[in-house]
Number of protein chains: 2
Amino acid sequence: MITKYTYGNPFQTDAVVQKLEVQNGNVPYFTVVKTEEQLQFEYTLENEEKVYGLGENVRGINKRGWIYKSCCADEPNHVEDRTSLYASHNFLVLDGGKEQFGVFFDYPGIITFDVGYTHLNELKITLSEPDADVYVMTGESILDIVKQFRQLIGRSYIPPKWAFGYQQSRWGYMNEDDIREVVKGHREKKIPLESIYMDIDYMERFKDFTVNQERFPDFPEFVKEMKAQHIHLVPIIDAGVKVEEGYDVYEEGIEKGYFCKKENGEYFVAGVWPGKVHFPDVLNKEAREWFGNKYQVLLDQGIEGFWNDMNEPSIFFAQDRMDETFDKIAELKDKNLDLDTFQQFTGLVGSLANNTDDFKKFYHNVDGKMMRHDKVHNLFGYNMTRAAGEAFERLSPEKRILMFSRSSYIGMHRYGGIWTGDNKSWWNHLLLNLRMMPSLNMVGILYTGADIGGFGADATEDLVMRWIQLAMFSPLMRNHSAMGTRKQEVYRFDHVEEFRKIINIRYGLLAYIYSEYMKSALNSEMYFKPLSFVYTDDEFASQVEDQLLVGDSLMIAPVYNQNAKGRYVYLPEEMAMLRFRGVDDYDTEILPAGHHYVEAGLFEMLVFVRPDKILVLTDGGEYADEVDCDHVKALAFVKTKAEYVWYEDDGMGKDYENPDNYGRITIEKGGNCVYTGSREKKIEVKLL
Amino acid sequence: MITKYTYGNPFQTDAVVQKLEVQNGNVPYFTVVKTEEQLQFEYTLENEEKVYGLGENVRGINKRGWIYKSCCADEPNHVEDRTSLYASHNFLVLDGGKEQFGVFFDYPGIITFDVGYTHLNELKITLSEPDADVYVMTGESILDIVKQFRQLIGRSYIPPKWAFGYQQSRWGYMNEDDIREVVKGHREKKIPLESIYMDIDYMERFKDFTVNQERFPDFPEFVKEMKAQHIHLVPIIDAGVKVEEGYDVYEEGIEKGYFCKKENGEYFVAGVWPGKVHFPDVLNKEAREWFGNKYQVLLDQGIEGFWNDMNEPSIFFAQDRMDETFDKIAELKDKNLDLDTFQQFTGLVGSLANNTDDFKKFYHNVDGKMMRHDKVHNLFGYNMTRAAGEAFERLSPEKRILMFSRSSYIGMHRYGGIWTGDNKSWWNHLLLNLRMMPSLNMVGILYTGADIGGFGADATEDLVMRWIQLAMFSPLMRNHSAMGTRKQEVYRFDHVEEFRKIINIRYGLLAYIYSEYMKSALNSEMYFKPLSFVYTDDEFASQVEDQLLVGDSLMIAPVYNQNAKGRYVYLPEEMAMLRFRGVDDYDTEILPAGHHYVEAGLFEMLVFVRPDKILVLTDGGEYADEVDCDHVKALAFVKTKAEYVWYEDDGMGKDYENPDNYGRITIEKGGNCVYTGSREKKIEVKLL
């Protein structure tokens, strides 16, 4: 059951798609303290109580023990003490206390969640204004609560099937030849590859919706050349529009008044990649439509997917602050720079980027009303991506377009996925990647993944190998890195054949991953689940922060420590362990419930099949279209009877509700296999 | 066996204390490539080969899979991708390949250790000049190799016994009252406390060897007042000497020419806490003696211990570079700050601090010869602390003085310990703390520990609690934090009684910890050992990166994950597990060899007693002097006969070699206990 409470006069974020009546009185469970300035929700945590949720964030699956802040931030250092990443996902589920419930604070300004930080047993949520819609959910289980919430916020975005392939990116592919070289590096070694991402350098001086003519002299032709090799190109789109006379997007935006303005009516100038930019006012419906339509210029050149970046929005500097900073620095010039004055100096420079005070310096035009940015800050990335998503419904009504964003708010999950931003080539970010997945699924973000190998810092071969073994299961499987770091395309390392074999497993798993993704999206379910969400009676399950359930059949337990030759694994029930080296090269072993130390060499990946569940495995391929899903192996750990509901479609259209999309495999204890469905299948049974 | 090889004309670092004959030819094991510019040592690693050592560094106990750089750095972000911390400890042991050996590169300039970073199976060590002494060691075991190396480099520093108590520090205790409040906070709640550290604010405008008269109007009296409460005050000493007319240390240094100079003969000006400073030329023997004698002014006021800081040396900016920077920033003022120009701007500011190019701008006077700093950079902290250590031999010949440093090089271990620098309030730094301890012991640094609770960033109560449970065993046990972070003195949290009980265990363990420390120092042994160093036939032991052996009797396995209620533990042999809540409040259980999941609630600490070994446990106390070591419990896990060699002395004098310092306890299977030694003991046997 979902109950809606309204405080004050909330901004309509369009996060939810169901209209609920407002319940009188205060939200239950919490002590609510409302002042003219803010709204506070206090709650006493039991010792054994778990707090799940908060979407994209640092730390564990159980969020207890830290203070988090919803304030979308361009934060490239995802270290433990950060309080904000790129997103604001104000949804929590409390479990293991007096009552189990979920709560969503639909408020687009800054919120702090003190989850046992100040006091171990105190949860305190503070909204920086007294205006919000608050939804409280109860249900039979966490999964039931999540499902209700997901239905409230609407169906998750569905990408084309090719977007489940292995993808390669790097900030630093400067031109056609750079891209050709990377494609060749994979294709020559038969390492599967689906797409190449184009970071900011493909544009003409970082201007959105332009293509640099020197670097890509005939872009539509190049797109075709890549497609002939089964490679999709995915260009980046930035939030800021370059201030430049003669640049059509800039000039149109100025003419129509579609950029964010300062209080005095002048356009707000921020500094990002191109230098001076204006922000398109994506909270203004007309501006949003205008900006969304701009994507057509690239669709027309054969592009089928995009990633939206810098849309927190990221501000390297506000021009007004920068001007002041130059003056203040000049004043320090002849002083003895001791602790105080030197801190002034570094403080001036350090506070330029993404200064929250600058959020108070510009406004949105929302249905004719000027809205100060800080009050709706967390909606920017959401609405930039919504601009694109709404446009694609008009511009490409039949065919899915790949779209994911860096910044997000609940509601955006209907228009695109996210990647988890600028992580680092750190082993602990491999683990963070795992821990972030379920909380993202809770808020409807299913198409997601972290940059394999890490974006910032230098990767090592073993880190990339281990990371691929985790990212193997994330819908978005992309190797991405930053300019200036060590190149980490897998063919550059020593063990190319091992990389080829491991990445090919992704294509072996593609039928399963796609099927599970689609069912999760269509049924408002989670694709990645913590053990405790499923094994609700298992007292130890909530202690497991380094294993996940993937879809209905599998549990994963990746190795995330350098030089480790294995790891500890907890099995809440008996399972079949697969130790994969390649799609047709694996060991099997049945392990009883309980704690185990399990070996897994650097080139080996562990997968656990649950009892009476089935893993559908193909022979793989070099790209999604090459995968033959009609000749498959069905790996089953049968205790009584194993079943699998298999979703399939053409991977690009939108006929999701067609019953023909569903097939069913049943395998009995002796190995007898029955497939019912509309397709011709050749299924080879492998009993585990 | 140790063999010495010499390349070129090495700088004499005084790292070693034994004179060895130089062997002709190249070092064995390595392919040596010598050019006019550098010296390179290449080695092919076997798949199963482990690389141990490198002292203070990031990452694991086994250093494989990263590139490390010996270049002492003021680096407050100890994240995985850093290559240098504050120290340079160029000692490695290779184990598990064709042959086991140790190697020490006695070279004080910059060295890179590519330990399987570029290629997983390649070790490549590059010295930035072709001049070095290289020592190669073989032996019966890793411990034997380490022992030979430790004998080569001389006996480790020995602090007074009180320095093994629980110590409290924070950058931000501004005056007498701040310190009194912290002492009261502990004493009122009976939380043990041994000392308070005085960070930079006790000085008069950050001038070394001064005391701010407003904040500490009668410092000798205040020192006495603290001593009456059994509290030792430990002031910080910084490397840079403030440039200020009338300041005696500055004026004397100028007069005698004891500061580092530029090529043109002018004094080099760096900016640190006081603003402009000069660096005392601690590589100049006379200057070193002069600077060391300055500590007397504080000894005379009753001080018995110091910590030397900023001695990499840390340079916030070189004044010459700062002057240029102001001009270059001014030039950027009216430009459109796009990617290139904005990166220029941030690059100018970002490259001010600790810029290695500045190391080429100043010189040391070494026996009359001008030595460019970058060629001897890694010796600065060592020689600053040596200045103090050599002075203490003169100024306090009978009584030990506490001394530890931030920066170090091998050789410095004879004059002081180190703390592991400006860590963060991160759970992964708790684990890093554990992993760093053995490699520090390998190079003779025994008096060491990390800042409990983390220096930078905000700590949580559970992090501090878990960290104390690890730091419980480190010789230096100090809670320290930075100005601006959440205060983390334990009495400020909710579970004060649990903190009191846990910290009191340290005093219960004090007899054991001190005894083990002294034996390690006097016998050139390791106090903290990885499991693989002791259980040499155990194939799994080298996989264990989160447990340590502490002294001769104990193994520890701290919990380092937030919200964890236990952890996995590997036992290479049967052991007795103690689950401590307080010094007289613990469970015991015998666990067989192998893998275990073991429960350990937030206020519980696991300790494992090895078979036929003994843990001597006292009742604790509020400070070291209060601990009664003559009435003890002997906890023994007897399989045949348990033995313990117990070192004791007065804890402040230097009569280390007195045979009366040694006692021996033996406990037979039935519990029969015999103590032989020069003291009166009442020993209560607890069979485990």
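You'll find the structure just up there.
Now for a quick tour of the structure. (Residues numbered from 1 in each chain as written. Chains lettered and ligands numbered in written order. Predicted model: local features only at pLDDT ≥ 70, side-chain atom pairs only at ≥ 80, totals over all residues. Heavy atoms only, no water.)

**With respect to the state of the cysteines**
Residues and elements named next belong to chain A. Defined as follows: Two cysteine sulfurs form what is called a disulfide whenever their separation falls within 2.5 Å.
Using the criterion set out here, one finds zero disulfides over all chains in the structure. Of all cysteine sulfurs in the structure, the one in C72 sits closest to C71, which takes part in no disulfide; the separation is 7.1 Å. Free cysteine C673: the closest other cysteine sulfur is in C629, separated by 16 Å.

**A short note on the packing of aromatic side chains**
One pair of aromatic rings is described through two measures. These are the centre distance and the angle between the planes. Note the threshold: For Phe, Tyr and Trp, where Trp contributes only its six-membered ring, two rings pair if their centres lie within 6.5 Å, and the inter-plane angle classes them as stacked under 30 degrees, edge-to-face over 60, or tilted in between. Whether a charge sits over a ring depends on NZ of Lys or CZ of Arg being within 6 Å of the ring centre and within 35 degrees of the ring normal.
Per the counting criterion, the structure on display carries 118 aromatic pairs over all chains. Its end group placed over the ring of Y514 of chain A, K161 of chain A keeps NZ or CZ at 5.2 Å from the ring centre. Sitting above the plane of the Y197 of chain B ring, R478 of chain B keeps its charged end 4.7 Å from the centroid.

**Remarks on the environment of R610 of chain B**
All names here are of chain B. For clarity, the cut-off: For the purposes of this entry, the term helix denotes a DSSP run of H or I that reaches at least four residues, the term strand denotes a run of E that reaches at least two, and both are numbered from the N terminus. Each residue's exposure class comes from its accessible area (1.4 Å probe, protein chains only) as a fraction of the maximum for that residue type: buried when under 20%, exposed when over 50%, partly exposed otherwise. Contacts: residue pairs with any heavy atoms within 4.5 Å of one another. For the purposes of these results, a polar contact is taken to be a pair of N or O atoms within 3.5 Å, where, inside protein, one atom must be able to donate a hydrogen and its partner to accept one; residues adjacent in sequence count only when each atom of the pair is a side-chain atom.
As for its position among the elements, R610 is in the loop between β35 (605-609) and β36 (614-617). With relative accessibility at 10%, the residue R610 sits in the buried group. As a C-alpha pair, R610 and A353 span 257 residues in sequence and 48 Å in three-dimensional space. With near-sequence residues (within four places) excluded, R610 lies in contact with V534, Y535, L549, D552, S553, L554, E573, M575 and F637. Separated by 3.0 Å, the side chains of R610 and Y535 make a polar contact.

**Describing the sheet that holds strand β9 (residues 111-115) of chain A**
Residue and element names in this part refer to chain A. Using the following cut-off: Here, strands pair whenever DSSP counts at least two bridges between them. Structural elements are reduced to axes, namely lines fitted to C-alpha atoms, with helices fitted over the stretch in contact, and the angle between N-to-C directions of any two is expressed from 0 to 180 degrees.
Within the open sheet, the five strands sit side by side as β2-β3-β10-β9-β5. Their pairing is antiparallel. Each of the sheet's edge strands pairs with one partner strand only, and the pair in question is β2 (31-34) and β5 (66-70). Pairwise comparison of adjacent strand axes, ignoring direction, gives a mean angle of 10 degrees for this sheet. Relative to strand β10 (residues 122-127), strand β3 (residues 39-44) runs antiparallel, the two being bridged by six bridges. The residue bridging Q40 from the neighbouring strand is T126, located in β10.

**Considering the pattern of salt bridges**
For side chains bearing opposite charge, pairing can occur when the charged atoms are close. Residues and elements named next belong to chain A. Going by this rule: When a carboxyl oxygen of Asp or Glu lies within 4 Å of a side-chain nitrogen of Lys or Arg, that pair is called a salt bridge.
Scanning all chains against the criterion turns up 111 salt bridges over all chains. Linking E622 and R187 is a salt bridge whose minimum nitrogen-to-oxygen distance equals 3.9 Å. Within this pair, whereas E622 is found in the loop between β36 (613-617) and β37 (631-637), its partner R187 is found in helix α2 (residues 176-188), the two being separated by 435 residues in sequence. Grouping residues by exposure puts E622 and R187 together as buried.

**A few points about the environment of S678 of chain B**
Residue and element names in this part refer to chain B. With respect to the element layout, S678 can be found in the loop between β40 (673-676) and β41 (682-687). Spatially, the C-alpha atoms of S678 and R664 are 9.9 Å apart, while their sequence positions differ by 14 residues. From its side chain, S678 meets the backbone oxygen of D660 in a polar contact 3.1 Å long.

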